[in-house]
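Overview (structure and organization)
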Amino acid sequence: MANNSVKFSINHDAIKGRCLIATETIHTGEIIFEELPLVCSQFLWNAECKYDACQFCLTPLETAEENVSRLTKEQIKLPYFEQCCQTNKSKHVDCLGCGQKERYCSIECRQHAFEIYHQTLCYSRSEELANNLNKLCDLWKSIHYPPETASIMLLVKILARIKQDSTFIQKLQQFSKNCERLVANNPDECEQINQLVETLFEKMEKISGCFLNTEGSGLYELQSCINHSCQPNSEVCFLHNNFILSLKALETINPGEEITICYLDECWRDRSRHSRNKYIRENYLFTCQCPKCQQQMNDPDVTSDEDDDSDLQSNPDDDEAMNCD
Ligand SMILES: C[S@@+](CC[C@H](N)C(=O)[O-])C[C@H]1O[C@@H](n2cnc3c(N)ncnc32)[C@H](O)[C@@H]1O
């Protein structure tokens, strides 16, 4: 994880509340900060789709080739697989109590999980606990599948963390207050790889639906202070292929400027102010006061051509890599 040299402060805005303000120049592409979640959880339907990830840090336990083969139902050989795929199966371990039910990418993750919450939640503790957790998950899946917007296990893990460490509640109170890796230099090869990725995603979408890059959800303290803009100057990404959140600058951000992200998916950003605001009001319960909306304040209240009723009802955040609220 990058060593954050802090180039921002948390200030207070009269309308938006807490906000992140740049205190030094932040350059395009720079990682503004990286942070670990207070707690995170895989979605329950990962198991239904036979997706296997570390129960603690969400690192995939399957190889990249296994991943695309599972999702496309075809045996696919990937270029640069040996050099790029970081899955190291020799390090994978099961929970010492509940076995394969809880798998981890390393002994360290198993130990962290146990120390933080899993001591309370381990199925080996009692049959009653295991039954109750299974019932809770089944009930949640019957309400939310598919898609499941956040996992009930996030809440369960929060409660377990509080049980194992009473000071965790203070962190939560504070909280409530408040791939791209270029493997080839040859442009033709890059183009071929881009086409391969596009084709794979099309195939996966046909077989597995549109929830491919959503693996779980987490609570991120610093990220929760970042306000929305319909023309954001930064974006959240998961560069380490696990639960570490990275905030990346999309343009140069000068001292004194607010650091913003877009709560909407990219395809929503060019829609009319009226459409964007309607969506934000209905789903995030605030009226957007970002510079773009202020500029377009006098635009007529028309819906974008591409908007239709189904779009307005679907959640543009549903297919983010991680939901991080
Ligand atoms: C994730 S929080 C961001 C941090 C927040 N300002 C705080 O004090 O905790 C989201 C909330 O910030 C406010 N907010 C974020 N972006 C905004 C915007 N563009 N216009 C108005 N309010 C905004 C809304 O109250 C929204 O519910």
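Let me begin by describing the structure that accompanies this report. (Residues numbered from 1 in each chain as written. Predicted model: local features only at pLDDT ≥ 70, side-chain atom pairs only at ≥ 80, totals over all residues. Heavy atoms only, no water.)

**Some words on the packing of aromatic side chains**
- As enumerated under the stated definition, the model contains nine aromatic pairs in all.
- Ring centres 5.3 Å apart and planes at 45° place the aromatic pair Tyr263 and Tyr284 in the tilted group. Note that Tyr263 is positioned in the loop between strand S11 (258–261) and helix H9 (273–284) and Tyr284 in helix H9, a separation of 21 residues in sequence.
- Measuring from ring centre to ring centre gives 6.0 Å for Tyr263 and Phe286, while their planes differ by 85°; the resulting arrangement is edge-to-face. (Phe/Tyr/Trp six-rings, centres within 6.5 Å; stacked < 30°, edge-to-face > 60°. Helix = DSSP H or I, 4+ residues; strand = E, 2+ residues; numbered from the N terminus.)

**Comments concerning the nonpolar core**
- Ile32, Phe33, Cys54, Phe56, Tyr104, Phe243 and Ile259 are the most contacted members of the largest nonpolar core, which totals 44 residues.
- When contributions to this core are tallied by element, the ones reaching two or more residues are strand S2 (17–22), strand S3 (31–35), strand S5 (93–95), helix H4 (107–121), helix H5 (127–144), helix H6 (152–164), strand S10 (245–249) and S11.
- Looking at which domains feed residues into this core, each of domain 1 (1–37 + 220–317 + 321–325) and domain 2 (42–215) supplies at least three.
- Listed in part, the nine residues of the second largest apolar core include Cys262, Leu264, Trp268 and Cys293. (Core = buried A, V, L, I, M, F, W, Y, C linked by side-chain atoms within 4.5 Å. Buried < 20%, exposed > 50% of the residue type's maximum accessible area, 1.4 Å probe, protein only. Domains from an automatic or database assignment.)

**Let's talk about the site of the ligand**
- Taken together, 15 residues lie around the ligand, and Lys16, Arg18, Asn227, His228 and Gln289 are the ones closest in.
- His228 places a main-chain nitrogen or oxygen 2.8 Å from a nitrogen atom of the ligand.
- Protein chains shield 76% of the accessible area of the ligand, which is 560 Å² for the free molecule.
- If you list the elements that add at least two residues to the shell around the ligand, you get S2 and strand S8 (227–228).
- In terms of residue class, the shell around the ligand is made up of six nonpolar, seven polar and two charged. (Near = heavy atom within 4 Å. Polar contact = N/O pair within 3.5 Å; in protein donor to acceptor, adjacent residues only side chain to side chain. Areas by Shrake-Rupley, 256 points an atom, 1.4 Å probe, with all protein chains shown as cover. Nonpolar A, V, L, I, M, F, W, Y, C, P; charged D, E, K, R; others polar.)

**Side note on the environment of Cys137**
- Here Cys137 shows up in helix H5.
- Placed 15 residues apart in sequence, Cys137 and Ile152 show a C-alpha to C-alpha distance of 7.0 Å.
- Residues within four places of Cys137 in sequence aside, it is in contact with Leu44, Ile152 and Met153. (Contact = heavy atoms within 4.5 Å.)

**A closer look at the sheet that holds strand S9 (residues 234–237)**
- A sheet is described by the order of its strands in space; here three strands give the open sequence S3-S10-S9, paired in antiparallel fashion. Among the strands making up the open sheet, the edge pair consists of S3 and S9. Strand-to-strand twist of the sheet, defined as the mean angle between neighbouring strand axes without regard to direction, takes the value 15°.
- Here S9 pairs with S10 via four bridges, running antiparallel. Its bridge partner lying in S10, Val236 is registered against Leu247. (Pairing = 2+ DSSP bridges. Axes fitted to C-alpha atoms, helices over the stretch in contact; angles between N-to-C directions.)

**Focus: the sheet that holds S2**
- Judged by pairing direction, the sheet is mixed, and its four strands sit side by side in the order S1-S2-S11-S8 without closing on themselves. Edge positions in the sheet fall to strand S1 (8–13) and S8, since each has one partner strand and no second.
- As paired strands, S8 and S11 are joined by two bridges and run parallel to one another. Residue pairing for S11: Asn227 is matched across the bridge by Thr260.

**What about the pattern of salt bridges?**
- Counted under the stated rule, the structure contains 10 salt bridges.
- Between Lys16 and Glu258 there is a salt bridge whose closest N-O contact spans 2.8 Å.
- For Lys16, a relative accessible area of 27% translates into the label partly exposed.
- With a closest N to O distance of 3.6 Å, Glu65 and Lys77 form a salt bridge. You can see Glu65 sitting in helix H2 (residues 64–72) and its partner Lys77 sitting in the loop between H2 and helix H3 (81–84), a full 12 residues away along the chain.
- Under the relative-accessibility criterion, Glu65 is labelled buried at 13%.
- Taking the relative accessible area as the measure of exposure, Lys77 reaches 70% and is therefore exposed. (Salt bridge = Lys/Arg side-chain N within 4 Å of Asp/Glu carboxyl O.)

**What to know about the pairing of S10**
- For S10, the tally of buried residues reaches four of five residues, placing the bulk of the element in the interior.
- Relative to S10, S3 runs antiparallel, the two sharing four bridges. Considered in S10, the bridge of Glu35 is made with Leu245.

**Brief notes about the packing of H5 against H6**
- Between H5 and H6, the least distance of the axes is 10 Å, while the angle of their chain directions is 145°. When H5 is examined against H6, the residues Leu133, Leu136, Cys137 and Trp140 are found in contact with a partner set consisting of Ile152, Met153 and Val156.
- Considering only residue class, the contact of H5 with H6 consists of seven nonpolar, no polar and no charged.

**Side note on H4**
- The first and last C-alpha atoms of H4 sit only 18 Å apart over 15 residues, clearly below the 21 Å expected at 1.5 Å per residue.
- In H4, a bend of some 70° at Glu115 exceeds every other bend along the element.
- Buried within H4 we find Cys109, Arg110, Ala113, Tyr117, His118, Thr120 and Leu121.
- Tucked into the core, H4 has its buried residues touching S5, strand S6 (99–104), H5 and H6. (Expected span 1.5 Å × (residues − 1). Bend = angle between axes of the 7 residues up to and from the residue.)

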